[in-house]
Amino acid sequence: MKKLLLTLFTITPFIFAQDDTSNTDSTVEDVVVIGTKASIISAIEKQRESNQIVSIVDSDALGDFPDTTAAEAIRRLSGITVENDQGEGRYVSIRGLSGDLNSISVNGALVPAPEGGRKVMLDGLPTELLDSIEVYKTLTADQDADSIGGRIEFNTKRATSLDKTLFKAKFDTSYNDQ
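Residues numbered from 1 in each chain as written. Predicted model: local features only at pLDDT ≥ 70, side-chain atom pairs only at ≥ 80, totals over all residues. Heavy atoms only, no water.

### Observations concerning the sheet that holds strand β1 (residues 54-58)
Two pairing modes exist for strands in a sheet, parallel and antiparallel, and in both the strands are linked by backbone hydrogen bonds. Heads up, the rule is: Any two strands between which DSSP finds at least two bridges are classified as paired. Strands here mean DSSP runs of E at least two residues long; helices mean DSSP runs of H or I at least four residues long; both are numbered from the N terminus.
If you walk across this open sheet you meet the five strands as β1-β6-β7-β4-β5, and the pairing is mixed. The outermost strands of the open sheet, each flanked by one partner alone, are β1 and β5 (109-110).

This is the structure in structure tokens:
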């Protein structure tokens, strides 16, 4: 009992009451809430209004992904598989069909395959340049009939669509111990 009292007497001088710093005159001037709900709703509305089976990802959703290339970002859509080559996503297949049976375009222009065949490598297209990704899993008469699997449309950001100055910086590091 004496040890308990002795402990209380030694600790008591170090316990202080908190100063009353609350100010009754303080008011909140602005509360700003920023969300991505509008971009998600916009993408869902585009999908609903379409007469095709389409998956759409807007630029806000692309910015939320930690992916650096278009192949890695498109992997997150349903019905899409990405073949890895050298540890990175490179070739895209739609609904399990080979990448040779798909067409890929950037701003409406078809992208040619750099190697033999029709597979297009997507590991060189960074997500920072993209405004939206549209994956058409069925084709209609108004589209080119150059693919059986589907069509992937990458829309890039345009300088004329920006209202203000855009400054974007990215810092990344990597370390390989071999």
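Next comes the rest of the write-up.
### Things to note about the nonpolar core
Just so we agree on the cut-off: Buried residues of nine kinds, namely Ala, Val, Leu, Ile, Met, Phe, Trp, Tyr and Cys, make up a nonpolar core once their side-chain atoms join them within 4.5 Å. Each residue is placed in one exposure class: buried if its accessible area under a 1.4 Å probe, protein chains only, is under 20% of its type's maximum, exposed if it is over 50%, and partly exposed if it falls in between. Should any heavy atoms of two residues lie within 4.5 Å, those residues are considered in contact.
Core analysis: the biggest nonpolar cluster contains 20 residues, and Ile74, Ile80, Ile133, Val135, Ile152 and Phe154 have the highest contact counts within it. Counting residues per element, the ones that place at least two in this core are α4 (70-74), β2 (80-85), β3 (88-94), β6 (130-136) and β7 (150-156). In terms of residue count, α4 provides more of this core than any other element does, four residues in total. When neighbours within four sequence positions are excluded, Ile74 is seen to be in contact with Ile80, Val82, Val92, Ile133, Val135, Ile152 and Phe154.

### Some words on the pairing of β2
Note: β2 against β3, six bridges, orientation antiparallel. Within the sheet, the bridge partner assigned to Ile80 lies in β3 and is Ile94.

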